[in-house]
Amino acid sequence: MKLKRVRIENFKRFRAPLELCDFADGLNLFVAPNESGKSTVAEAIRAAFFERHKSSAISGLRPWSDSSATPSVEIAFALGGKPARLSKAFLGKKRCQLIIDGKTLEGAEAEDHLGELLGFSFAGKGASSPEHMGIPGLLWIKQGTSHEIAKVVGFASDHLRNAMGDSLGELAATSGDEVIKAVETERNQLLTPSTEAPRGAYGEAIKRRTALLEELQLLRVEINAYRIAVDRLAALRLDHGQDGEARPWLTLRAQLEQAQVKLADALGLAQRRTAQELLLKQASAQVDAQRQQLQLMARDDDAVKLREEKLEAAQDKLAQANGQLQAWEPRHAQAEHASMRARDRLAAARQVATWQAQEKAVTELAAQVQALSRSHRQAQLKQEELTSLQAETLSLAMPGAELKRLREVTESLRTAQARLDAVSTALEFRLQPSAKVQVAGVQVNATDRLTVVERTGIDIEGVGRITVLPGGEGLQSLIADRDQQRKVLAELLQRLGVANLAAAEERERQHVQRAAEAKAAKSVLEAHAPKGVAALAVDIAALSTKLTEAKQALQNLTEPVGAETAGVSVSQAESDESTAKVILEDATSQLNDSKLAVSEAMALLSVASEELAAAQATLADPLRAKRKADASHALTDALANETTARAGVEALAEQLRTLNVALLQQDVERFERSAKQLESAYAQRGSDIIRLEADLEAKGALGLEEAAADKQRELDHMERRCTELERRAKALSHLLKLLTEKRAALARRLRAPLQRHLNHYLQILFPGAGIEVSDDLSPGRITRVGTNGAETGDFEELSVGAREQMGVVARLAYADLLQEAGKPTLLILDDALVHTDKDRLGQMKRVLYDAAQRHQILVFSCHPHAWQDLGVAARELSHAPGYGGGEPSTP
Amino acid sequence: MISFLHTADWQIGRVFAQFETDDAAALFEARFAAVERLASIAADRGVDAVLVAGDVFDAQTVAEKTIRRLFNAMQGFTGTWVLIPGNHDAALAESVWNRAHRLGAIPDNVIVCLEPRPFVVAGKFTLLPAPLTQRHTYADLTEWFATHVPSDDLPRVGLAHGSVQGILPADVDSTNPIAAGRAQSAGLAYLGLGDWHGTKQVDSKTWYAGTPESDRFKANESGQALLVAIESTSLEPIVTAVPTGKFNWRQLEQHMAVDSDVDEVVQALDGVSGNDVLHLRLSGTCNLAGHRKLTAALGAARAKARAILWNAEALRLEPTEEDIQTLRADGFVGEALQELREQQASAEPELARDALLALARILDDQAPAKGACA
């Protein structure tokens, strides 16, 4: 497909018609600055092909200043070498006309025909969307989208596949993918997709089979146990029956009896030996007893001798004690007499002492009473004096403050008078002796000096009256002050009852004197009667009573007379008496000891005499000789018995030495135990049998084997099911793998031509690089040789710039593929390589130049310099006819 | 004239694990029904007794219900039943017989011989039983038949369970031996045997009755009982086989090579009846169309027969060009199909065949309208 001419009217910024003609078959480069309408041209071409002329969803194509305009496009092109013309008007006067092959198609018919020819379809409704744009959508790169390719390839994939299919002349599986999908679905029902582990019905069956196996195993174990128990029961019954008949314990019982008899015999011998031993013991005891008795009798003779000695000793002791007693008796009587005399003398001395003391007490008491009476009298006198002094003191007493005030007022008056005197008028007289002068009615002496402070008349006889009017400042106030003081003083004097200050002072002095006198009187009084006069009187009365009593007591005492009363003091008498007493006590004690010794000696003597008598009596007993003879006989008999018994014991011991009682006892024990053991084993087996029977009965009722057979049937069924499902799962898995492999191999074959075209361009861009084509025909993994060796990465991992370049390269490869399949191709690159650096752009230009040998390519760019070596002249849109007819746009 | 019905190996309580649940249940039930038929035959023929030569029960510990049902099934004949234990139901210390006895399930007219003691049946003949008291014995339990001194001149009939020495195939278990010529040596009028599941005459007076209801795929004349008439000890007994089985157990093996082989199997399947228990074993090769035919015939037969066991693991699939066209298996799917076909000759032929069948089925499903054949 080759564009020949494009005419645009009322399209966005182009209101006036813009016409681009003389399109080259290969490269066509349109350059214009940003926002100068270059994209609008591309957009108009897209709209012409992709948008239904009736669609109202493309109102954005209108010029911005005119909402009623009819955007229209007219494109002349050649398809398969034949000229065609498409004219479309939108929105306002909707119209579509396609003239091709000499036919003229109108409206939707024209649009659909075009879609079929170019490999795209229309949106059901509204504006066209990428998924409908098919091959042109892939080959016409919109601004900034060249690096996004997978999606647009997807939208064009049917067309591409068709193209490749045709080119290979090979049929793909009619519905291979659906087969794979069906196999996969079935496989996934039985196996997990990732690990192919059993799941769903298959998983369930395996689980159930395992469960059944376990259950069956349990049943088998139980059945086996049951069988073993049955066999055990049979064995037990057999043994039990045999034992029941043979009764082996009876033999043992017989053996036991024999052993018991043997043991009884042995035990009898032992008993006899014990009896014999007892006899021996008794005989020995008898021997000992007789011997002892004979020894005792021999001792009696010795006893008499001993007693006689003892008696003698007692007699000696008594004689000695009597000697002592006789010595002490006179000494004791002497001491008693001396003691009595000393006591009498002491009593007399004490009587004298008592009388003297009483007499002295009377004298003393009398003196005391006299002294106190004197003090009492003195005290009474002083008391009276004190009372009068106290009364006087009281009468003279003046309040201290009043006296002080009197002194002050007197002083104040004196001061006031002085002040007055200072300012008063002085009148000094030197009168003639006969002159009679009266001042204020008072006769004046010849040389008087007077002072006046008020109007004062001086009457001079015969002369008349001279009135003095004293002047001076404050005179009146001074007068008033003085008068005030005078008045206060007068009042004070009156209140105190004194004539003046001197009188008051005198009275005060007297008061102080009296008070001192009262104090002295009081001290004297207190010396005489410290507790008061009354108390003193009481004391006197008490002492007087005591005195009377003492006098009475003295009278009652007899006055001591005699020689002994004189010269011996009480203490001397006491000392003598005490000494006499000690001597007496000592004598008494010695006397008593002597008496005691005598009586003790007499008692000992008496005992010794009795003992001797008793001993002598024993020896004298006529029966004693007989007893002694008897004892001798008995000893002889006992010795004989002892010998016999010993011989018996020895004989029995000899007999017993050959018999082992312990072993015999063990025999009895052993036989008894064995018999019992057999019997109890028999009984035990009997009860075991009963228990086992009951147990088997209960277990048998469970129908274990039938249940196990049933379980086995279930398990077999489940085994069959598992096997079937496993085979099915394996088959499906196998089939799926095979199909997938075959499909992949086919896909590789199908993609080969695309791969070839892609490699062609890739070698120009990245020499030595390799690229895989993905299942969806978009570029996949790329391997490039860099400085670090070969590097492999997915297309999506490349930089934007590289993806952009690869995007263009891939599209050129698709175009080649489509062209080979006889499909129309046209490539439009609208600012498609903006992220590409200078070096790469250089390579890309080589790529584009190469592609332009086969395809018409429209390159729109805003960088004229970047493309100046593309090998074609750049055409500036501004130079096109009609450019500038519109208003400048604001996008 | 003495007459009795000789039967054996009832194997009551047997579970047929190789079949599906419902089939197994029916075959389990069938054994009770066979006993009912035996009772009915005995009653119809007016025999003196029914002698059962062991293996009455399949196992010692069967369910109580099973025990009761058996004796209930015997109600149709009120004459004497003589039962001896065999190796499956030996009279052990504790056995199914003790249980039956404890349950009170054994009617008065049923004599269970747990000990080798002779007794007179119906006043007409002396029965010498050789009950098994162990699961397996290596002594001949019928030995005492020969040494037993009769106290009367009634004919004597022996009843035993085991293998008569030297006449059964070598692979049969040689335990529980019975000396050949025992009837002769013991002067018996008849020796009734059990253990061998098919009817088999050992000598003129010795017979295996076989099981009254077949239980395995062996053409050995099972599924019948023996009606025995004895005129006198000196004469040979008149033995007549009476059919008692319901189900017909059959086994069919077919090697497939050509299309007509398929047709033959299909024909056999088409001909099955409701009482058939069939085991099919296929080998060889067949194409997909043939396989589809077989599968369809099998489906139809399964709905008709009592039970069918199908064993086609040895069968190899050879899809023809027509098969492939029919399936529209083109492109890579076609390649996969071809490879699977070849893989059938490799190490895992079964896997390849299963995968091939799965692919064919899925392709069939994908194009139901254009599918060659259902």
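Residues numbered from 1 in each chain as written. Chains lettered and ligands numbered in written order. Predicted model: local features only at pLDDT ≥ 70, side-chain atom pairs only at ≥ 80, totals over all residues. Heavy atoms only, no water.

Enquirer: For this particular structure, what's the right way to read the sheet that holds strand β19 (residues 857-861) of chain A?
Expert: The strands making up a sheet are joined through hydrogen bonds of the backbone, oriented either antiparallel or parallel. All names here are of chain A. With parallel pairing, 5 strands are arranged side by side in an open sheet as β8-β18-β19-β3-β20. Edge positions in the open sheet fall to β8 (140-141) and β20 (874-876), since each of these has one partner strand only. Sheet topology places strand β3 (residues 27-31) next to β19; 5 bridges connect them, and they run parallel. From the neighbouring strand, Val31 faces β19, where its bridge partner is Ser861. Along the sheet face, helix α1 (residues 38-50) touches β3, β8, β18 (827-830) and β19 and points at about 140° away from the line of β19. (Pairing = 2+ DSSP bridges. Helix = DSSP H or I, 4+ residues; strand = E, 2+ residues; numbered from the N terminus. Contact = heavy atoms within 4.5 Å. Axes fitted to C-alpha atoms, helices over the stretch in contact; angles between N-to-C directions.)

Enquirer: Please clarify how the interface of chain B and chain A should be interpreted in this entry.
Expert: Reports of interface size often rely on the accessible area that becomes lost once the parts have come together. At the interface, 44 residues of chain B touch 48 residues of chain A. Looking at the side of chain B facing chain A, the largest losses of area belong to B:Thr61, B:Ala93 and B:Phe332, adding up to 19% of the total buried there. The interface formed by chain B and chain A contains 8 salt bridges. In this structure, B:Glu350 engages A:Arg727 in a salt bridge whose closest nitrogen and oxygen atoms are separated by 3.6 Å. At the level of elements, α1 (21-45), α3 (96-103), α9 (331-343) and α10 (349-366) of chain B are the ones that each hand at least two residues to the side of chain B that touches chain A. The greatest single-element share of the side of chain B that touches chain A, amounting to 11 residues, is contributed by α10(B). Of the residues contributing to the side of chain B that touches chain A, the split by class is 21 nonpolar, 9 polar and 14 charged. (Buried area = accessible area lost by both parts, 1.4 Å probe. Salt bridge = Lys/Arg side-chain N within 4 Å of Asp/Glu carboxyl O. Nonpolar A, V, L, I, M, F, W, Y, C, P; charged D, E, K, R; others polar.)

Enquirer: Where do I start with the UniProt feature "domain: Rad50/SbcC-type AAA" (unreviewed entry) in chain A in this structure?
Expert: In this numbering, the UniProt entry assigns the feature "domain: Rad50/SbcC-type AAA" (unreviewed entry) to residues 5-66 of chain A. What you have in residues 5-66 of chain A is 21% helix and 21% strand, and the ends, taken at the C-alpha atoms, are 26 Å apart. (UniProt positions renumbered as here; feature names shortened; annotations may be inferred.)

Enquirer: Please clarify how the packing of helix α15 (residues 704-765) of chain A against α10(B) should be interpreted in this entry.
Expert: Close contact between α15(A) and α10(B) brings their axes to 8 Å; oriented N to C, the two are set at 75°. By the angle class used here, α15(A) and α10(B) are roughly perpendicular. Facing α15(A), whose interface residues are A:Arg727, A:Arg728, A:Lys730, A:Ala731, A:Leu732, A:His734, A:Leu735 and A:Leu739, α10(B) presents B:Glu350, B:Leu351, B:Arg353, B:Asp354, B:Ala355, B:Ala358, B:Leu359, B:Arg361 and B:Ile362. Looking at the contact of α15(A) with α10(B) residue by residue, the classes come out as 9 nonpolar, 1 polar and 7 charged. (Parallel < 35°, antiparallel > 145°, perpendicular 65-115°, else oblique.)

Enquirer: In this structure, what is going on with the pairing of strand β5 (residues 82-89) of chain A? I would like to understand it.
Expert: Consecutive side chains along a regular strand alternate between the two faces of the sheet. Residues and elements named next belong to chain A. When strand β4 (residues 72-79) meets β5, the two strands line up antiparallel, connected through 8 bridges. Looking at the pairing, Phe77 lines up with Ala84 of β5. With antiparallel pairing between neighbouring strands as the criterion, β4 and β5 make up a hairpin whose turn holds 2 residues, including Gly80 at a positive phi of roughly 60°. Of the pairings in the sheet, the one linking β5 to strand β6 (residues 95-100) comprises 6 bridges and is antiparallel in character. Note on β6: the bridge partner recorded for Ser87 is Gln97.

Enquirer: Would you mind going over the UniProt feature "domain: Calcineurin-like phosphoesterase" (unreviewed entry) in chain B with me for this structure?
Expert: Taken from the UniProt record, the annotation "domain: Calcineurin-like phosphoesterase" (unreviewed entry) applies to residues 3-101 of chain B. Overall, residues 3-101 of chain B shows 41% helix and 13% strand. The separation of its end C-alpha atoms is 28 Å.

Enquirer: How do you make sense of the packing of α15(A) against helix α16 (residues 800-820) of chain A when you look at a structure like this?
Expert: Each pair of packed helices can be summarised by the angle the axes make with each other and by the distance between the axes. Residue and element names in this part refer to chain A. Look at α15 against α16: their axes get within 8 Å of each other, and the N-to-C directions meet at 140°. Here α16 runs oblique to α15, going by the angle between their axes. In the packing of α15 onto α16, the handedness of the crossing is right-handed. From α15, Pro753, Leu754, Arg756, His757, Leu758, Tyr761, Leu762 and Leu765 reach across to α16, where they touch Gln805, Met806, Val809, Ala810, Leu812, Ala813, Tyr814, Asp816, Leu817 and Glu820. Here the residues of the contact of α15 with α16 sort into 13 nonpolar, 2 polar and 3 charged. (Left-handed = near helix turned anticlockwise from the far one by under 90°.)

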